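Summary of the model geometry
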Amino acid sequence: MNVHTTLGRTSNLRARLRARLLGSIGFCAVVAAVACGSSTARNGFDHDSTDPTTGDGSNNGPAGSLGTNGADAATAEPSNECQKMDLVFIVDDSGSMQEEQSNLAANFPKFVKVLNDYQTKSGSKLDWRVAVTTTGRDVDYNISPPIPFPIPLPPQSEKGDNGAFRQKKDCGSVRRWVERNDSNADQTFSCLAEVGTSGPSIEMPLESLKLALNDRVADGTNAGFLRPDALLAVVILTDEDDCSRQDNNFTIADDVCITMQGVKPVAEYKAMLDGVAGGANRWATAVIAGDKACTSGFGKAIDAQRLKQFVNLVGKNGMFSSICNGDLTTSLQDALSTFDAACKSFPGVK
C-alpha cells in the first residue's frame, strides 16, 4: 500500500477487489501455529530436509534467518521447561489461500501427534490447547484513483473475525479451542483450520493477535484460553504482508504495507505479546509468509517485510519460514523446533 504507485500499476489488492465486484472472491488465508516438540517427537514429520535445529542456510531454523536478540540471553530466567502450551493459529481467510489452508489441514494430524508424543524432562505429557482465528477485522476504506476499471469503485466495507477464536459445531467444537484430551482433536483442529476464503482482503495478522488476546479476552469471547503458567505459541500463515492498523475509513493506494500511512509499528505488537505472556521468554512465534515476491504451488506471495521485522524483534523465540516452498510440512517442522527450544528455556511460574 504505497502512495508512490505509478499510474499504470494494477496492484494485487485492487485486482482482488475488482474480482469481488465481478462476482469472484479473492482473498488469502493465514495461520498461526506453534508447538513444543522434542527431537524424537519431530520425527513424526516424515520429511527429508536439512536439520531444522540448524536451518538450511536461508531462512529456517529455531532462531530464524533474521538475527537474534542478544539481550534475550543476558536476561534469561532460570529454565523450568514448560508443562503447558497455549497455541494460536492466525490463518489468512482471503481468496488466494485455499491451497494453503488445505495443506495446513492435511499436516495437522501429524502436528497433533508431535504434541501428544512430547514428554517433558519429568516424563509427563505436554498439556496443550490450540485455537484458530483469521487475519481479518471489520474495515471501511476507499480505493484511491486511478483504477484500471471501467467504473469508479464505491467505498468498501468488509467483515472479519476481529480476533474471535473459531468454533464450529460441524467441526465437533465444544469450545473456542481444542484441548489435548478432546476426542478427535486432530480432526477438529484440521476442520477449524479451513477457514474459507471470504474474509477481508486487507490482512492484519498482528492486529488480529492483539484483538484475540486482549479485546476478545476482555469481552469474554476468548476468556479462559490463556493460562499464566503456559508457553504462549503463535503461528501466522499468509501470502501477503501485515497491514495492521486500528483506524477506519482509510484510503488504499496499493498493497505495499510497509510504507502505508496509518499502519501500527510492529514493535507495539511485540510489546503487547510480552505483556500478555508475562515476559519475552514466555512466548514464541513462527511466521510462514513470503520471504520475497514469489510464485509456488500455492500461487503468488508478496515480500512480507513487516512480518520479517516482527520476527527479527522476537529474536531466538521467533522463526520465519517461506511460504514460497509450496508445502507447509517443513515450515511446521521448523516451527516445532523453535517451540521445542522455547519450551526447554521456559522460566518458572512467577
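This text follows the structure it describes.
Residues numbered from 1 in each chain as written. Predicted model: local features only at pLDDT ≥ 70, side-chain atom pairs only at ≥ 80, totals over all residues. Heavy atoms only, no water.

Attention shifts here to the overall build of the protein. Secondary structure assignment for the protein yields 8 helices and 11 strands. Burial analysis of the protein (350 residues in total) assigns 55% to the buried set. Restricting to contacts in the protein with at least 6 residues of sequence separation, those with at least 24 account for 83%. A total accessible area of about 13400 Å² is found for the protein, and carbon and sulfur atoms account for 49% of it. (Helix = DSSP H or I, 4+ residues; strand = E, 2+ residues; numbered from the N terminus. Buried < 20%, exposed > 50% of the residue type's maximum accessible area, 1.4 Å probe, protein only. Contact = heavy atoms within 4.5 Å. Areas by Shrake-Rupley, 256 points an atom, 1.4 Å probe, with all protein chains shown as cover.)

We now examine the packing of aromatic side chains. How two aromatic rings sit relative to each other is set out by the distance from centre to centre and by the angle between their planes. The tally for this structure, following the rule as stated, stands at 10 aromatic pairs. Pairing F108 with F111 gives two aromatic rings, centres 6.3 Å apart and planes at 50 degrees, and the pair type is tilted. Pair noted here: F108 and F111 are both in helix α3 (residues 98-117), with a separation of 3 residues, about one helical turn. Grouping residues by exposure puts F108 and F111 together as buried. Here the aromatic residues F89, F108, F111 and F189 are joined through ring pairs into a cluster of three or more. (Phe/Tyr/Trp six-rings, centres within 6.5 Å; stacked < 30°, edge-to-face > 60°.)

So, about the environment of R227. Residue placement: R227 occurs in the loop between α5 (205-218) and β6 (231-237). Measuring from C-alpha to C-alpha, the distance between R227 and A277 comes to 8.9 Å, with 50 residues separating the pair along the chain. Residues contacting R227, with those up to four places away along its chain left out, are K84, M85, D86, D127, W128 and R129. Within the local environment of R227, its side chain forms a polar contact with the side chain of D86, the two groups lying 2.7 Å apart. (Polar contact = N/O pair within 3.5 Å; in protein donor to acceptor, adjacent residues only side chain to side chain.)

Among the nonpolar cores identified, the biggest contains 45 residues, and M85, F89, L104, F111 and W128 are the most heavily contacted of them. Residue assignment for this core shows that the elements contributing at least two residues are β1 (84-91), α3, β2 (127-134), α4 (185-193), β6, β8 (283-289) and α8 (329-344). Listed in part, the 27 residues of the second largest apolar core include W177, L206, L232 and A289. (Core = buried A, V, L, I, M, F, W, Y, C linked by side-chain atoms within 4.5 Å.)

Let us look at the sheet that holds strand β3 (residues 139-143). Sheet strands pair by backbone hydrogen bonding; their relative direction is either parallel or antiparallel. If you trace the 3 strands from one edge of the open sheet to the other, you get β4-β3-β7, paired in mixed fashion. Single-partner strands in this sheet number two, and they are β4 (156-158) and β7 (250-252). Averaged over all adjacent pairs, the angle separating strand axes in this sheet is 40 degrees, with direction ignored. Across 3 bridges, β3 lies against β7 in parallel orientation. Looking at β7, one finds that I143 is bridged to I252. (Pairing = 2+ DSSP bridges. Axes fitted to C-alpha atoms, helices over the stretch in contact; angles between N-to-C directions.)

Another point: the state of the cysteines. Scanning the model with the defined rule gives 4 disulfides in all. What pairs with C171 in a disulfide is C191, and their sulfur atoms sit 2.0 Å apart. On the S-S bond that ties C171 to C191, the torsion sits near -65 degrees, and the link is left-handed. Of this pair, C171 sits in the loop between β4 and β5 (178-179) while C191 sits in helix α4, and the two are 20 residues apart along the sequence. Relative accessible area serves as the criterion here: at 24%, C191 is assigned to the partly exposed category. Disulfide pairing is shown between C294 and C324; the S-S distance is 1.8 Å. The S-S bond linking C294 to C324 shows a torsion near -85 degrees; that makes this disulfide left-handed. Highlighted residues: C294 in strand β9 (residues 294-296) and C324 in the loop between β11 (318-322) and α8, separated in sequence by 30 residues. (Disulfide = S-S within 2.5 Å.)

What follows deals with unusual backbone geometry. Phi is positive for N162, close to 55 degrees, though the residue is something other than glycine. Mapping N162 onto the fold places it in the loop between β4 and β5.

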